[in-house]
Amino acid sequence: MAEKSGADILVQCLVDLGVEVVFGYPGGAVLPIYDALYNHPTIKHVLVRHEQGATHMAEGYARSTGKPGVVLVTSGPGATNAVTGITDALLDSIPMVVITGQVPTQLIGTDAFQEADTVGITRHCTKHNYLVKTPAKLAEVVHEAFHIATTGRPGPVVVDIPKNVQIATAPYAKPELKVHASYHPQTKADASAIDAAVEMLAAAERPILYTGGGVINSGPQASALLRELAALTGAPVTSTLMGLGAFPASSDQWVGMLGMHGTYEANWAMNQADLILCIGARFDDRVTGRLDAFAPNSKKIHIDIDRSSINKIVDVDVPVVADIASALDDMIALWKQRNHQKVDLTEWWARIAGWRAKKSLDYAEGGAEIMPQRAIADLYAATKATGKDVIITTEVGQHQMWAAQHFGFDAPNKWLTSGGLGTMGYGFPAAIGAQMGNPDSITICIAGDASIQMNIQELGTASQYRLPVKIFILNNEYMGMVRQWQELTYESRYSNSYSDSLPDFVKLGEAYGWTGIRIEGPQELEAGIRQMLETDGPVIVDCRVAKLSNCFPMIPSGAAHTEMLLDPSQVKGSMTDEAKALV
Amino acid sequence: MHIQEELSQRHVLSLTVSNEAGILARIAGLFTARGYNIDSLTVADITADHGVSRITIVTNGPPKVIDQIIAQLDRLVPVHKVTDLTENGPFVERELALVKVAGIGEDRIEALRLADVFRAKVVDTTIESFIFEITGTTEKVDNFVGLMRQIGLVEVGRTGVVGLIRGKEAN
């Protein structure tokens, strides 16, 4: 059998696994791999400006294409810089494989130059990780790594490869997939659980479908099946931040996002429901609000591919451990087989209409400043009018919540945001990754003035690869969400939440060869957005918005779904220690 | 504001795992990362090819936390099976301790007498000391050590608990 070097084995595996793009940054401990990638005919390498950028690009690529994102970084600082993105991918269940270089095996443990204990550091922020000590094992490990990253509940997998293992040779043949005997995620639900779920759904008078990122991870078919189940039952549908787009926002059955900055109707419907069907969501603290007041009178069914998500925070009546598409398919089949009819939900919908009438997403307009909500709404209208495929990414903060509230998503994989970890600096690189995987889509990062600066160095990456991404900054010169919490909790003592010494974003963009646009008032908004969309290359828009706008509605820390604040007049400015201590 | 603590129950968990580098760190780290407790942990390989190890963990927590611990352990790729011995019917648990006691005269005789009652073996002796080997449940070992403390306990080494389900079936 022909021998290959470890580096060649790795690259051959990537080719065999269908990898088209690798996001990475070279360094001493990965030089052999970079040499194997030199002028590679099928694998495109995207040279980032910081390894964290590479991980978020891989996440954006993965979330928008459904394929695993691949990252290649060097040992030591290369690996540690990737840790934030790896953790982000773990919390949001994004399939990602991160290849890290390592010092040669004989130097491991000697505090060698650029040595870090990568498997130790990443052990608890990966789904699984490996240190490969011989090229003979490499092919098997890489194939298993991709399998683990993409199956079950997806997540990041790290493969740490010492430099001598990249150079040493071993016989190579394309490996059979050999997976740990202990790894067998359950994808098919127990028939009895499906039966119970269908019967409860058929009998419910006030049902609600509470959907999450799991629907999107399960693939486009899951979104289609969700729509079918919603049509069969006539139930209202809400979603977590991560699940937006799995169910169309344009549907009459859509009640908006739930949780801390969800709509009044979504949260009240959750509170008053007699049956909650949780589909690929995980009862996160941002969703439940005060736990002892969460949906107190409802039965709960929870479909999740990860058994550890079930009963973790909220006890449920019927656990369904399965892949979402598979479970929905089974439920729909049984529903039809039993000839169940839609329950008359007229009364339930009438109550929901009452909550909707609060118009909880409304905001006051008319001043000289652009309201940030208006900027998002206009951006939505303008992008929709293009008729093109649109992918939105966000950073983390107020702008993220406004985007979730005021941009309508009708399809999965078009909304990329850091939900679990809440990583500022995610959105811009994620947009680059998404654009890489979807060259014909309009890809826009909606950002804040503070978070865009967390990975601003990637402006150069977009320029280098001619990626026409757009950055739309809602610039209020504050870390707005921090400032908002300081107003709610600390009597408006704005400790370090003012964005002092902001750069001139227009000039900064221009320095990297981008087009820069500044929008300063309501009369410039429409034209500015149009110019951004009509410009071929990358564009950075500095949209100056009302400085002190806050994100409403809001369930403050420690409050129940029924205790939403709808507008600033309800803010008291201080909280009890118990509420302050919550995240 | 004060931090409230929940009532805990003791559970003995038995895991089979692939015997590979880092597995113990993965498990111990999971407990620290998620704030679970480890009262004792034992590990040794149990198959002829050294491919599989059994890890026995004594933990404590409210029932909901115990369920989470099991689900989280089960999620680790190299973990084959997690059994909650405390929940899954009658089981045998044992630990072994070496107990060093020093003393002369009447203390020495009393130590030997108690060792006999507890079926502890003398595995080392000098004119002024014994090392006893005792096996039993945690409670039995605790009791023995408690009595020896009154006589002249010098130091103790304990293995932590191992356990198996009673009856002919494997768990």
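In the block above lies the structure referred to throughout.
Source: prediction; values computed, not measured. (Residues numbered from 1 in each chain as written. Chains lettered and ligands numbered in written order. Predicted model: local features only at pLDDT ≥ 70, side-chain atom pairs only at ≥ 80, totals over all residues. Heavy atoms only, no water.)

Remarks on the sheet that holds strand E2 (residues 21-24) of chain A
All names here are of chain A.
Now for step 1: Spatial strand order, E3-E2-E4-E5-E7-E6: 6 strands in an open sheet with parallel pairing. Unpaired on one side and paired on the other, strand E3 (44-47) and strand E6 (128-131) mark the two borders of the sheet. Taken over all neighbouring pairs, the strand axes of this sheet differ in orientation by 20° on average, direction set aside.
Now for step 2: Pairing between E2 and strand E4 (residues 69-73): 2 bridges, direction parallel. Residue pairing for E4: glycine 24 is matched across the bridge by leucine 72.
Now for step 3: The sheet contacts of helix H6 (residues 135-150) involve E4, strand E5 (96-102), E6 and strand E7 (156-162), and relative to E7 the element is tilted by about 165°. (Pairing = 2+ DSSP bridges. Helix = DSSP H or I, 4+ residues; strand = E, 2+ residues; numbered from the N terminus. Axes fitted to C-alpha atoms, helices over the stretch in contact; angles between N-to-C directions. Contact = heavy atoms within 4.5 Å.)

Examining the environment of histidine 147 of chain A
Residues and elements named next belong to chain A.
Now for step 1: Structurally, the position occupied by histidine 147 is in helix H6.
Now for step 2: Judged by its relative accessible area of 24%, histidine 147 falls in the partly exposed class.
Now for step 3: Separated by 314 residues in sequence, histidine 147 and threonine 461 place their C-alpha atoms 29 Å apart.
Now for step 4: Contacts of histidine 147, omitting those with residues within four sequence positions, involve Leu177, Val179 and Tyr183. (Buried < 20%, exposed > 50% of the residue type's maximum accessible area, 1.4 Å probe, protein only.)

Considerations on the sheet that holds strand E20 (residues 539-544) of chain A
All names here are of chain A.
Now for step 1: Strand order in the open sheet formed by 6 strands is E16-E15-E17-E18-E20-E19, with parallel pairing between adjacent strands. Edge strands, defined here as strands with exactly one partner in the open sheet, are strand E16 (415-416) and strand E19 (515-519).
Now for step 2: With 5 bridges joining them, strand E15 (residues 390-394) and strand E17 (residues 442-448) adopt parallel strand pairing. For isoleucine 392, the partnering residue across the bridge sits in E17 and is isoleucine 444.
Now for step 3: Across the sheet, helix H16 (residues 398-406) lies against E15, E16, E17 and strand E18 (470-475), angled at about 135° from E17, the strand it touches most.

Details of the interface of chain B and chain A
Now for step 1: Facing 19 residues of chain B, the contacting portion of chain A comprises 23 residues.
Now for step 2: Across the chain B/chain A interface, buried area totals approximately 1700 Å², and carbon plus sulfur atoms make up 51% of it.
Now for step 3: There are 3 salt bridges connecting chain B and chain A.
Now for step 4: Note that arginine 307 of chain A is salt-bridged to aspartate 74 of chain B, the shortest N-O span being 3.0 Å.
Now for step 5: Take the side of chain B that touches chain A: its biggest share by element is 7 residues, from helix H2 (residues 63-75) of chain B.
Now for step 6: In terms of residue class, the side of chain B that touches chain A is made up of 8 nonpolar, 6 polar and 5 charged. (Buried area = accessible area lost by both parts, 1.4 Å probe. Salt bridge = Lys/Arg side-chain N within 4 Å of Asp/Glu carboxyl O. Nonpolar A, V, L, I, M, F, W, Y, C, P; charged D, E, K, R; others polar.)

Observations concerning the pairing of strand E2 (residues 40-45) of chain B
All names here are of chain B.
Now for step 1: In terms of strand pairing, E2 meets strand E3 (residues 52-61) through 6 bridges, oriented antiparallel. Bridge pairing in E3 places valine 43 opposite isoleucine 55.
Now for step 2: Counted between consecutive antiparallel strands, the loop separating E2 from E3 contains 6 residues, among which histidine 50 sits at a positive phi close to 60°.

Observations regarding the pairing of strand E9 (residues 162-165) of chain B
All names here are of chain B.
Now for step 1: Of the two faces of E9, only the one carrying Gly163 and Ile165 is buried; Val162 and Leu164 on the other face are not.
Now for step 2: With 4 bridges connecting them, strand E5 (residues 91-102) and E9 associate as antiparallel partners. Paired with valine 92 across the strands is leucine 164, a residue of E9.

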